[in-house]
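# Working through the structure, step by step
Listed below, chain by chain, are the residues.
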Amino acid sequence: MTTRRASRSHSPSGIKEYTMGSESYWLDSAPAFTSAQRGAVEGQVDVVVVGGGLTGLSAARALAMKGASVVVLEAAQVIGEASGRNGGQCNTGIAQDFGAMAASRGVDQARAFYQAYADAVTSVQQIIEQEQIACDFSRNGKLKLAAKPQHVAGMEKTCELIRREVDADVAMLSREEVRSEVQSDQFHAGLLQRHGIQMHVGKFGVGLAEAAVRHGAVIYENAAVTGWQKQADGYRVDTARGQIRARQLLMATGASQVGPLNWYRRRMAPVGSFIIVTEPMAAERLQALLPMQRSYVTSRIIGNYFRITGDNRLLFGGRARFAMSNPRSDALSGEVLKKAMTEMFPQLAGVRPAYCWGGLVDMTADRLPRAGEHEGIYYSMGYSGHGVQMSTHMGLVMAEVMGGNAAANPWRELSWPAIPGHFGKPWFLPLVGAYYRLQDHLH
């Protein structure tokens, strides 16, 4: 595995400078996946899974454990995209405000969606335990931080509604209580959800892939799907490494820009998310900064999220810019995030990032996942920035659905129209970013 860690160089003034590695920290520090299938893609199986991220790997493992013959086709390397390029947060709670969800969809629906995320966290923990995956697992919960005084009242109402309707183990923290947990003067209160977990998603993803193979799944890397054709007994799938036939087909591609996936692409906005990770710091310094070592997220629409890694680094991310991820965009976003990090934590002014990277979030219009069947092909995607837990969980769910249990799918009744005006390149991202920045300014 190629390592791209921070390197020292010397400026003309003789001051040591750092250049940030452009690889995901999770991918760079994970073990190599050693069980990819060699040779041509060929033969006939029960299920072909398109996409070697957490959804596809979880589904492959679950299907293989049920006795199905399964092949996973990954265009590059397993967990090489969104599944290995995220913020590593694995939390309960829906992407939207629970109160707003209850008002728009009813309390029963909001409760069911909230419970789906709680179930998803449980699924991740169970897989880690069942497969004995070494991935720096801990259960420290999530703290949502009120970034403005006017956010506090709404957060208090949401906390009370969650406590009454679905999760009694939540709490509001005062400004003083938040200050004892987060050594920053920027926050005015916090909503604590205790059941979130943390892990090294790179180690978890590789461990999940190895587990899928142990249970009988076959995984091809560098096998981009170029097309498929419906046949009497299922599908013929064409890839860069050959053809294979399958009785069932599962699309687990997220915001992938590779292959003939336009029907799915038109229904999601591939929003860039960007992250920096610092050099390792003294454990005592991080203990003073974030003594509870939870996962943290701010209440702004264009906010930030952060946490401590297992090897004593600070991970700090967010929607730094509404742009696609590419080397130039990632570097610009890294500077934005570094500035935000030191404004939030002035005591880290001299700490330099060792990693800076970006990835694409498969954002749906309402920020809820989508899963089901389109023209006979199963799919699950659209996790909208909350995919670590839900992608893993939905792999298990889709194994049930493909076995005939459609009711297992919590998102089965959601319609999924195309985003108006979205026919390919997401030209509207700068406009969306400008709108959200205005909303953050006004509210």
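Residues numbered from 1 in each chain as written. Predicted model: local features only at pLDDT ≥ 70, side-chain atom pairs only at ≥ 80, totals over all residues. Heavy atoms only, no water.

## Thoughts on the overall build of the protein
Applicable threshold: Strands are runs of DSSP state E lasting at least 2 residues, helices are runs of H or I lasting at least 4, and numbering of each runs from the N terminus. Only protein chains enter the accessibility calculation, which uses a 1.4 Å probe; a residue is then buried when its area is under 20% of its type maximum, exposed when over 50%, and partly exposed in between. By definition in these notes, contact holds between two residues if any of their heavy atoms fall within 4.5 Å. Accessible surface is estimated by sampling points in the Shrake-Rupley manner with a 1.4 Å probe; for residues, cover comes only from the protein chains shown.
The helix and strand inventory of the protein stands at 12 helices and 20 strands. With 443 residues in all, the protein has 55% of them scored as buried. Long-range pairs, those at least 24 residues apart, make up 73% of the contacts in the protein between residues at least 6 apart in sequence. With the model as given, the accessible surface of the protein reaches about 18400 Å², and the carbon-plus-sulfur share is 51%.

## Focus on the state of the cysteines
Heads up, the rule is: Cysteine sulfur atoms that pair up within 2.5 Å are treated as a disulfide.
For the coordinates displayed, the defined rule picks out 0 disulfides. Cysteine Cys 90 remains unbridged, with the sulfur of Cys 135 as its closest cysteine sulfur at 9.7 Å.

## Re the nonpolar core
In plain terms, the rule: Definition used in this section: a nonpolar core is a set of buried Ala, Val, Leu, Ile, Met, Phe, Trp, Tyr and Cys residues joined via side-chain atoms within 4.5 Å.
Counting residues in each nonpolar core, the largest one holds 78 residues, and the members touching the most others are Met 199, Phe 204, Trp 357, Met 390, Met 394 and Trp 411. Examining the composition of this core, we find that 10 residues originate from one element, helix 4 (residues 107–131), more than from any other. Sequence-distant contacts of Met 199, defined by excluding residues within four places in its chain, comprise Trp 26, Gly 88, Val 124, Ile 128, Cys 135, Asp 136, Phe 137, Phe 204, Arg 307 and Val 388. Within the second largest apolar cluster, 26 residues are counted, among which are Phe 274, Leu 286, Ile 308 and Ala 340.

## Remarks on the packing of aromatic side chains
Counted only if it meets this: Only Phe, Tyr and Trp rings take part, Trp by its six-membered ring, and two of them pair if their centres are within 6.5 Å. Stacked means planes under 30 degrees apart, edge-to-face means over 60, and tilted covers everything else.
Considering all chains together, one arrives at 13 aromatic pairs under this definition. On the numbers, 6.1 Å between centres and 65° between planes, the contact of Tyr 117 with Trp 411 is edge-to-face. Linking Tyr 117 in helix 4 with Trp 411 in the loop between helix 11 (387–402) and helix 12 (429–442), this pair joins segments that are 294 residues apart in sequence. In this pair, the class of Tyr 117 matches that of Trp 411, namely buried. Taking 5.1 Å as the distance between ring centres and 85° as the angle between the ring planes, the aromatic pair formed by Trp 263 and Tyr 264 counts as edge-to-face. Given the relative accessible area of 26%, Trp 263 is considered partly exposed. You can call Tyr 264 buried: its relative accessible area is 4%. Taken together, the ring pairs connect Trp 263, Tyr 264, Tyr 379 and Trp 416 into an aromatic cluster.

## Quick look at the sheet that holds strand 16 (residues 304–308)
Heads up, the rule is: Any two strands with at least two DSSP bridges between them are considered paired. Where helices are involved, their axes are fitted lines through C-alpha atoms of the stretch in contact, as for all axes, and angles between N-to-C directions lie from 0 to 180°.
With respect to topology, 8 strands assemble into an open sheet ordered 7-8-6-15-16-17-14-18, the strand pairing being mixed. Both edges of this open sheet fall to strand 7 (170–173) and strand 18 (353–363), since each of them pairs with a single strand only. Each neighbouring strand pair of the sheet contributes to a mean axis angle of 20°, computed without reference to strand direction. In the sheet, strand 15 (residues 295–298) pairs with strand 16 via 2 bridges, with the strands oriented antiparallel. Bridge pairing links Val 297 to Tyr 305 in strand 16. Sitting on the sheet, helix 5 (residues 152–165) touches strand 6 (142–145), strand 7 and strand 8 (190–193), and the angle it makes with strand 7 is about 160°.

## Things to note about the packing of helix 4 against helix 11
What counts is decided by this rule: Here is the rule for angles: anything less than 35 degrees is roughly parallel, anything more than 145 is roughly antiparallel, 65 through 115 is roughly perpendicular, and the remaining ranges are oblique. The residue classification treats Ala, Val, Leu, Ile, Met, Phe, Trp, Tyr, Cys and Pro as nonpolar and Asp, Glu, Lys and Arg as charged. All others, Gly included, are polar.
The contact between helix 4 and helix 11 brings their axes to 8 Å, and the two run at 80°. Compared by their axis directions, helix 4 and helix 11 come out roughly perpendicular. Across the interface between the two elements, Ala 116, Tyr 117, Asp 119, Ala 120, Val 121, Ser 123, Val 124 and Ile 127 of helix 4 pack against Val 388, Gln 389, Met 390, Thr 392, His 393 and Leu 396 of helix 11. Residues that form the contact of helix 4 with helix 11 fall into these classes: 9 nonpolar, 4 polar and 1 charged.

## What about the environment of Ile 127?
Structurally, Ile 127 can be placed in helix 4. In sequence terms Ile 127 and Ala 211 are 84 residues apart; their C-alpha atoms lie 9.4 Å from each other. Excluding its chain neighbours within four sequence positions, the residues that come into contact with Ile 127 are Ser 58, Arg 61, Gln 132, Ile 133, Phe 204, Leu 208, Thr 392 and Leu 396.

## Here we look at the side chain of Thr 364
Put simply, the rule reads: Think of a polar contact as two N or O atoms within 3.5 Å of one another; within protein, one of them needs to be a possible hydrogen donor and the other a possible acceptor, and neighboring residues in sequence only count if both atoms come from side chains.
For Thr 364, the location among the structural elements is in the loop between strand 18 and strand 19 (370–374). A polar contact of 3.0 Å, which involves the side chain of Thr 364, links it to the backbone nitrogen of Arg 367. When residues no more than four places from it in sequence are discounted, the contact partners of Thr 364 are Arg 267, Met 268, Arg 370, Gly 382, Ser 384 and Trp 416.

## Things to note about the confidence of the model for the protein
Using the following cut-off: What pLDDT reports is the predictor's confidence in each residue, on a scale of 0 through 100.
For the protein, the mean per-residue pLDDT works out to 90, and 89% of the residues sit at or above 70. A low-confidence stretch, residues 1–19 stays under pLDDT 50, and its non-local contacts, those more than four residues away or across chains, total 35 contacts.

## Topic: unusual backbone geometry
Apart from glycine, the bulk of residues carry a negative phi angle, and the bulk of peptide bonds sit in the trans form. You will see that Gln 132, though not glycine, has its phi angle at about 55°, which is positive. As for its placement among the helices and strands, Gln 132 is situated in the loop between helix 4 and strand 6. A relative accessible area of 71% means that Gln 132 is categorised as exposed. A positive phi is found at Asn 222, a non-glycine position, where the angle reads about 50°. Take Asn 222: its relative accessible area is 45%, and that puts it in the partly exposed class.

## A few points about the packing of helix 3 (residues 98–105) against helix 5
The description of two packed helices rests on the angle between their axes and on the distance between the axes. Following both chains from N to C, one finds helix 3 and helix 5 inclined at 65°, their axes separated by 8 Å at the closest point. It follows from the interaxial angle that helix 3 and helix 5 lie roughly perpendicular. In contact with Phe 98, Gly 99 and Ala 102 of helix 3, helix 5 contributes Thr 158, Leu 161, Ile 162 and Glu 165. Across the contact of helix 3 with helix 5, the residue classes tally to 4 nonpolar, 2 polar and 1 charged.

## Focus: the pairing of strand 8
Along any regular strand the residues' side chains alternate between the sheet's two faces. Here strand 8 shows two buried faces, one formed by Gly 190 and Leu 192 and the other by Leu 191 and Gln 193. As defined by bridge partners, strand 7 adjoins strand 8 across 4 bridges and the pair is classed as antiparallel. Residue Leu 173 lies in a different strand from strand 8, and its bridge partner there is Gly 190.

## Quick notes on the pattern of salt bridges
Selection criterion: Only one rule defines a salt bridge in this text: a Lys or Arg side-chain nitrogen within 4 Å of an Asp or Glu carboxyl oxygen.
By the definition in use, this model includes 17 salt bridges. The closest approach of N and O atoms between Arg 214 and Glu 131, which form a salt bridge, is 2.9 Å. Pair noted here: Arg 214 is in helix 7 (residues 201–214) and Glu 131 is in helix 4, with a separation of 83 residues, a long-range link. Given the relative accessible area of 13%, Glu 131 is considered buried. A salt bridge links Lys 339 to Glu 343, with the shortest nitrogen-to-oxygen separation between them at 2.6 Å. Here Glu 343 and Lys 339 lie together in helix 10 (residues 327–344), a separation of 4 residues that amounts to about one turn. A relative accessible area of 51% places Lys 339 in the exposed class.

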